[in-house]
Amino acid sequence: MHLYPVYIYVLLFLKHALATQITVGAIFYENEKEIELSFDQALREVNNLKFFGLQFISIKRYMPTNDSFLLQQITCELLSNAVAAIFGPSSKASSDIVAQLANMTGIPHIEFDWKLEAERQDHLNHQMTVNVAPSLSVLSRAYHEIIKTNYEWRTFTMIYETPDGLARLQDLMNIYALNSQFVKLRNLADYAGDYRILWKDADETFHEHHIIMDCDPKSLKELLKVSVDFKMQGPFRNWFLTHLDTHSSGLKDIYNEDFKANITSVRLKIVDSNPYERKKTRFSQVDQILGSQMMLPILIYDAVVLFTNSIRNVINSAQQFYPPVSDCSARFSNAWIMGSSIMAEMKSISEDDVEPSFKTENMKLNEFGQRTSFNLEIYKPTVNEPLMIWTPDNGIKVRKVNPELETSATATDFSVQRKVYTVVTHFEEPYFMMKEDHENFRGQEKYEGYAVDLIGKLSELMDFDYEFMIVNGNGKYNPETREWDGIIRKLIDHHAQIGVCDLTITQLRRSFVDFTVPFMQLGISILHYKKPPEEKNKFAFLEPFASEVWIYMIFAQLIMTLAFVLIARLSYREWMPPNPAIVDPDELENIWNVNNSCWLMVGSIMQQGCDILPRGPHMRILTGMWWFFALMMLSTYTANLAAFLTSNKYQSTINSLGDLIEQDEVSFGSMSGGSTSLFFSESNDTDYQRAWNQMKGFNPSAFTSNNKEGVKRVLNEKGDYAFLMETTSLTYNIERNCELRQIGGQIGEKHYGLAVPLGADYRTNLSVSILQLSEKGELYKLKNKWWKNHNVTCQTPHEVDGDELSIIELGGVFLVLAGGVVFGVILGIFEFLWNVQNVAVEERVTPWQALKAELLFAIMFWVRKKPMRISSNSSSSGGDKSSRRSSASSRHRSSKEKSRSKTAS
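Okay, so let's go over this structure. (Residues numbered from 1 in each chain as written. Predicted model: local features only at pLDDT ≥ 70, side-chain atom pairs only at ≥ 80, totals over all residues. Heavy atoms only, no water.)

1. Thoughts on the packing of helix H23 (residues 727–736) against helix H25 (residues 778–787)
Convention followed: Orientation is described by lines fitted to C-alpha atoms, with helices fitted over the stretch in contact, and by angles between N-to-C directions that extend from 0 to 180 degrees. We count a stretch as a helix when DSSP gives it H or I for four or more residues in a row; a strand needs E for two or more, and each element gets its number in order from the N terminus. For classification purposes, an angle smaller than 35 degrees is called roughly parallel, one larger than 145 roughly antiparallel, one from 65 to 115 roughly perpendicular, and anything else oblique. Any two residues having at least one pair of non-hydrogen atoms within 4.5 Å are treated as being in contact. In this classification, the charged set is Asp, Glu, Lys and Arg, the nonpolar set is Ala, Val, Leu, Ile, Met, Phe, Trp, Tyr, Cys and Pro, and all remaining amino acids, among them Gly, are polar.
Running from N to C, H23 and H25 cross one another at 40°; their axes reach a closest spacing of 10 Å. Judged by the angle between their axes, H23 and H25 are oblique. Judged by residue contacts, Thr-728, Thr-731, Tyr-732, Glu-735 and Arg-736 of H23 engage Lys-783, Trp-786 and Trp-787 from H25. For the contact of H23 with H25, the class distribution of residues is three nonpolar, two polar and three charged.

Next up, the structure:
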């Protein structure tokens, strides 16, 4: 029992003594102490594994400088020592002599640092070389996916320091084929004398807000410190650092409130530690090196694990180990037999079958020995905060962090603090206006409008502050200089972060700025002057004839009346005895006096006829001609009256764009350089092209500098000018001015959106917030507030159909009737008074008695027979004689009137 521990130690000693020893070589530069420590640690952990059956011994050689001849000598020395593999050197070596010698002797050569990938024809010289560092081509593709797919940057500046760095950016250079307008490429070596020139160009010349930089971590701190003075670390600036060792640059030492830019970088994703693994209480220097995630130390660790597990599998399958026997003078026929098998195993081994585990995730090599499978961790190097994971197969996904592994103490991230957005806009009703009492307010409170309320609601949802920048317009494009002005210019120059107003989303603008989802849908329509309704004419029944026609008709009737009287007096047939019972009268009477002749003319015109007619042929011919004239005039009047009834309602001859382009009396235009003019100029529709050509041909020019000028021109020219504008602004102006109207329906479909600089990372959040406002009905409420709520009430006159006349237009007919009635009544009164006077004289009574008697009899309407003397009722009894005389006189007068009446009939 007491000898049992001794047996164990004996067995372990024998196992160690009988273990197969394998020698490996490694080449380091003198300042690569961390890499060497990691190499030793990997071999130590492999040798400590139980039942591994192999013992690895290392031979390390050091390079003071980059000397190809010395490197060849060191390699040959290692080969003469029967090494089974050579690790290194790092990328500081400019020669591939190690790979060529290893290829000649069949000794596996394992690289762990970036190397420019060999051309296909050079692979024959590197058949025995593998590299566990990420392939530059795949790494470049990863950066391309991060920048274009995830970050959605469309314009940026790339800065590189070394050829390796340029190779890592090669896919990014092909995004826009190095279009200088979108992608700028700069070499740090060109600014080695003064980095301030680089950042001054980036800020003032490029107006760049997206920087992609690949440089050595040791020079990164100085570069970023200098950039602070040129506002390159301000809010809304975005940096992407591509070196996989950026986290080791010590950015935390200079990180402060001046660094508000969003800085991200990438590094190799290491294998997450087992949360149930026993934690070390003491950390050695090599533990700290491996824990820092520096690329070369962890990659050489993985290189050792890859080789040792591969050679173990090959030896286990071959049941014995054949040590290499080679030197630099050996030929290909003397190459190590097991070397090719080890190479094949390293290219096919699975990361699940190795002990110990790899430090980095997704370790796989392709047929050429290049590592095309690896995972990248996207993180913030300023606060060491992991964000996302990139994998070759699945692209980018959000990193799931284990809360147990998170440290409680995290650095302050100044890039996520509340930002102040500069919102660029211009004065345009109802989007952006000054309050009527703006003198009583300060700052943003003196502005009002749809855009002001919209930005206010977005700031509440997204938790940001804002300030307004006012320019002259939305932005016009000059095709000659290829420059913009207005809102678009400020966004291109990154002087503002959001552009808002009646800003239409167009393809041309999208080439220079980005847009959010639309917050308003609209179209194009025609604004025209609404003529006030004509005042109703009370004598509209006279409209069928011109005034001179009525005058001629009156003169014709007067002349015909006089002619009728004259010719009747000349005609013997028109002279008749007063009493037809008298055969041989003493005198003859002519009934065609002025009164009867005028009555015949009027009755003919009115088509009512007359109770007396002419007897002579010439008189009848004259009457017939007058009847013919009356028939023609009445028929013409009736026809014109019907036409007048159907056209008395005002109807505009322009009701659509087609009507507008078919006429030449009304000119029309749009805002110069705006989206409306762009719509017509680029449209393939025939009518739209005709409209555009006509607009260009008007003199004076039909184009305006802004919408307000166009509305003012419509009002001033009072129907001689029409303005093509967007329906939102058109509706707003119509609601507030009763002299304006819309012609036709909506032309095309357009959208308003918020504009942001190209690739702005907050565009998505703005779009989501706009959708939230739309779903809650807030956008609808805002539009009603600024479009519908106003103090203008237009009085719409009552309009009747075209085949009707209103009471006002027929009022003249009633006035004529009333005038005739009044005239007849007055004439009757005068005749009554004249008759009273005659009665008073003939019957020898006072005028008052005669008036009283006649008026009383007229009131007694039920009495149907009138006595010869009615004034006797009011006379005294003593006046009988006078009454009788008066009665005799009345009978004589009455009989005389009766005879005249019979003669007239």
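On we go.
2. Digging into a nonpolar patch on the surface
Which entries qualify depends on this criterion: Residues enter patches when their relative accessible area tops 30% and they take part in no salt bridge; the joining distance is 9 Å for like charges and 5 Å for the nonpolar side chains Val, Leu, Ile, Met, Phe, Trp and Tyr. Exposure was quantified through the Shrake-Rupley algorithm and a 1.4 Å probe, taking into account, for residues, occlusion by the shown protein chains and nothing else. Here, a salt bridge means any side-chain nitrogen of Lys or Arg that lies within 4 Å of a carboxyl oxygen of Asp or Glu.
Taken together, the side chains of Ile-551, Tyr-552, Ile-554, Phe-555, Leu-558 and Ile-559 present a nonpolar region at the surface, about 670 Å² in accessible area. On the secondary structure map, Leu-558 appears in helix H16 (residues 547–570).

3. Here's the deal with the pairing of strand S15 (residues 395–398)
Successive side chains on a regular strand alternate, one facing one side of the sheet and the next facing the other. For the record, the criterion: DSSP-based pairing: two strands are paired if at least 2 bridges between them are found.
Here strand S14 (residues 385–391) pairs with S15 via four bridges, running antiparallel. Counterpart to Ile-389 in the pairing with S15 is Lys-397. Linking S14 to S15, which pair antiparallel, is a turn of three residues.

4. What about the sheet that holds strand S6 (residues 156–160)?
Taken in spatial order, the eight strands line up as S7-S6-S8-S9-S10-S13-S14-S15 in an open sheet, and their pairing is mixed. Every interior strand has two partners, whereas the edge strands, strand S7 (183–187) and S15, have only one. The sheet shows a mean angle of 25° between the axes of neighbouring strands, taken without regard to direction. Here helix H5 (residues 136–151) sits on the sheet in contact with S6, strand S8 (210–214), strand S9 (238–241), strand S10 (262–268), strand S13 (376–380), S14 and S15, set at roughly 115° to S14.

5. Thoughts on the sheet that holds strand S1 (residues 20–29)
Working definition: the strands of a sheet are paired by backbone hydrogen bonds and lie parallel or antiparallel to each other. Read across the sheet, seven strands follow the order S2-S1-S3-S4-S5-S12-S11 without closing on themselves; strand pairing throughout is mixed. Pairing within the sheet leaves two strands with one partner each, and these edge strands are strand S2 (54–63) and strand S11 (364–365). When strand S4 (residues 109–111) meets strand S5 (residues 129–134), the two strands line up parallel, connected through three bridges. What sits directly across from Glu-111, in S5, is Asn-131. Helix-sheet contacts for helix H2 (residues 33–47) involve S1, S2 and strand S3 (86–87), and the interaxial angle to S2 is about 170°. Sheet strands in contact with helix H11 (residues 295–318) are S1, S2, S3, S4, S5, S11 and strand S12 (370–373), and its direction is about 140° off that of S2.

6. Focus on the pattern of salt bridges
Note the cut-off: Summary of the burial criterion: residues with accessible area below 20% of their type's maximum are buried, those above 50% are exposed, and those between are partly exposed, where the area comes from a 1.4 Å probe applied to protein chains only.
Within this structure, the stated rule accounts for 25 salt bridges. Between Glu-361 and Lys-269 there is a salt bridge, and its shortest N-O distance comes to 3.1 Å. Within this pair, whereas Glu-361 is found in the loop between helix H12 (337–348) and S11, its partner Lys-269 is found in the loop between S10 and helix H10 (285–291), the two being separated by 92 residues in sequence. With respect to class, Glu-361 is no different from Lys-269; both count as buried. Here the salt bridges do not stand alone but share partners, grouping Glu-36, Asp-40 and Lys-60 into one network.

7. A short note on the side chain of Thr-246
Heads up, the rule is: In the analysis that follows, any N or O atom pair within 3.5 Å is treated as a polar contact, provided that within protein one partner can donate a hydrogen and the other can accept it, and provided that, for residues neighboring in sequence, both atoms belong to side chains.
Turning to its location among the elements, Thr-246 is positioned in the loop between S9 and S10. At 2.7 Å, the side chain of Thr-246 forms a polar contact with the backbone oxygen of His-243. There is a polar contact of 3.2 Å between the side chain of Thr-246 and the side chain of Ser-265. Contact partners of Thr-246, with chain neighbours within four places excluded, come to Pro-217, Leu-220, Leu-241, Leu-251, Ser-265, Tyr-379 and Pro-381.

8. Comments concerning the side chain of Glu-428
Going by this rule: Positive charges come from Lys and Arg, negative ones from Asp and Glu, while His and the chain ends are left out of the count.
As for its position among the elements, Glu-428 is in the loop between strand S16 (420–425) and strand S17 (433–434). In this structure Glu-428 is buried but unpaired, with Lys-708 as the nearest side chain of opposite charge at 6.6 Å. Once residues within four sequence positions are removed from consideration, Glu-428 is found in contact with Met-433, Cys-501, Asp-502 and Asn-707.

9. Focus: the packing of aromatic side chains
The criterion, for reference: For Phe, Tyr and Trp, rings pair up if their centres lie within 6.5 Å, where Trp contributes its six-membered ring, and each pair is then called stacked (planes under 30 degrees apart), edge-to-face (over 60) or tilted (otherwise). We call a charge positioned above a ring when the Lys NZ or Arg CZ atom is no farther than 6 Å from the ring centre and deviates by at most 35 degrees from the ring normal.
Applying the stated criterion to the full structure yields 38 aromatic pairs. Taking 5.6 Å as the distance between ring centres and 70° as the angle between the ring planes, the aromatic pair formed by Phe-236 and Tyr-762 counts as edge-to-face. Here Phe-236, found in the loop between helix H9 (217–228) and S9, pairs with Tyr-762, found in the loop between strand S30 (755–757) and helix H24 (763–775); they are 526 residues apart in sequence, far enough to count as distant. The pair formed by Phe-236 and Tyr-762 is uniform in burial state, with each residue classed as buried. With 5.1 Å between their ring centres and 85° between their planes, Tyr-421 and Tyr-762 make a pair best called edge-to-face. In this pair, Tyr-421 is assigned in strand S16 and Tyr-762 in the loop between S30 and H24, connecting sequence segments 341 residues apart. Among the residues examined, Tyr-421 registers a relative accessible area of 7% and is labelled buried. By relative accessible area, Tyr-762 is classed as buried at 7%. Each member of the aromatic cluster is reached from another via a ring pair, and the members are Phe-236, Tyr-421, Phe-427, Phe-432, Tyr-447, Phe-464, Tyr-466, Phe-468 and Tyr-762. We note Lys-359 situated over the ring of Tyr-301; from NZ or CZ to the ring centre the distance is 4.9 Å.

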